[in-house]
Amino acid sequence: MKYHICDKEATPEWLTLESIDYIAECLEACETLEMLADLRAIFPRVALRCASIKVNAVQRQRIVQWLQRLNQDEAAA
């Protein structure tokens with residue numbers, strides 16, 4: 001399945017502490033690969049990367065695994 005990835009630039013508004021904290025909360029709440037794919041469609045890549053640093057280690061590892069699967073699926077499509 002092909003998932004959309006947000007192609008917007010991370011403007012200064014996306015990179016405020018408040019925005020990064022909100023995105024980190026969203027990442028913490030992810031329970032499935034599909035939920036992460038939805039966030040990738042909404043938030044700019046740089047903002048997600050900045051927020052991922054704030055996510056707890058266990059959830060960050062899950063996210064890494066999901067991203068690997070999403071990237072594999074994307075390459076196979």
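All values derive from a computational prediction rather than experimental measurement. (Residues numbered from 1 in each chain as written. Predicted model: local features only at pLDDT ≥ 70, side-chain atom pairs only at ≥ 80, totals over all residues. Heavy atoms only, no water.)

**Let's talk about the overall build of the protein chain**
Piece 1. A count of helices and strands for the protein chain gives four helices and zero strands.
Piece 2. Shown N-terminal to C-terminal, the secondary structure of the protein chain runs as helices and strands in the order α-α-α-α.
Piece 3. Its C-alpha radius of gyration of 12 Å places the protein chain within 12% of the 11 Å reference for a compact globule of 77 residues.
Piece 4. Counting across all 77 residues of the protein chain, residues that qualify as buried make up 31%.
Piece 5. Within the protein chain, residue pairs in contact and separated by at least 24 positions form 78% of the contacts whose partners lie at least 6 positions apart.
Piece 6. Total accessible area on the protein chain stands at roughly 5,200 Å², and carbon and sulfur atoms take up 56% of it. (Helix = DSSP H or I, 4+ residues; strand = E, 2+ residues; numbered from the N terminus. Rg over C-alpha atoms; globule rule 2.2 N^0.38 Å. Buried < 20%, exposed > 50% of the residue type's maximum accessible area, 1.4 Å probe, protein only. Contact = heavy atoms within 4.5 Å. Areas by Shrake-Rupley, 256 points an atom, 1.4 Å probe, with all protein chains shown as cover.)

**Considerations on the pattern of salt bridges**
Piece 1. Using the criterion set out here, one finds one salt bridge in the structure.
Piece 2. In this structure, the salt-bridge partner of Asp21 is Lys54, at a minimum N-O distance of 2.6 Å. A residue pair is termed long-range when its members are at least 10 positions apart, and Asp21 in helix H1 (residues 17-29) and Lys54 in the loop between helix H3 (45-52) and helix H4 (57-76) qualify at 33 residues.
Piece 3. In this structure Asp21 comes out as partly exposed when scored by relative accessible area, which is 29%. (Salt bridge = Lys/Arg side-chain N within 4 Å of Asp/Glu carboxyl O.)

**Description of helix H2 (residues 33-42)**
Piece 1. All of the buried residues in H2 are Leu33, Leu36, Ala37, Leu39 and Arg40. Looking straight down H2, one finds that the buried residues subtend no more than 160 degrees of arc, so they occupy a single side.
Piece 2. Considering only its buried residues, H2 is in contact with H1, H3 and H4. (Arc of directions from axis to C-beta.)

**What to know about the environment of Leu33**
Piece 1. Along the polypeptide, Leu33 turns up in helix H2.
Piece 2. Measuring from C-alpha to C-alpha, the distance between Leu33 and Thr16 comes to 26 Å, with 17 residues separating the pair along the chain.
Piece 3. Each residue touching Leu33, except ones within four places of it in the same chain, is listed here: Tyr3, Trp66, Arg69 and Leu70.

**Points about the side chain of Ser19**
Piece 1. Positionally, Ser19 belongs in helix H1.
Piece 2. In this view, Ser19 contacts Glu13 and Trp14; residues no more than four positions away in its chain are not counted.

**A look at the side chain of Arg40**
Piece 1. Turning to its location among the elements, Arg40 is positioned in helix H2.
Piece 2. One buried charged residue, Arg40, remains without a salt bridge, the closest side chain of opposite sign being Glu74 at 5.2 Å.
Piece 3. At a separation of 3.3 Å, a polar atom in the side chain of Arg40 contacts the side chain of Asn71.
Piece 4. The residues contacting Arg40, other than those within four sequence positions of it, are His4, Ile5, Cys6, Leu48, Leu67, Leu70 and Asn71. (Lys, Arg positive; Asp, Glu negative; His and termini not counted. Polar contact = N/O pair within 3.5 Å; in protein donor to acceptor, adjacent residues only side chain to side chain.)

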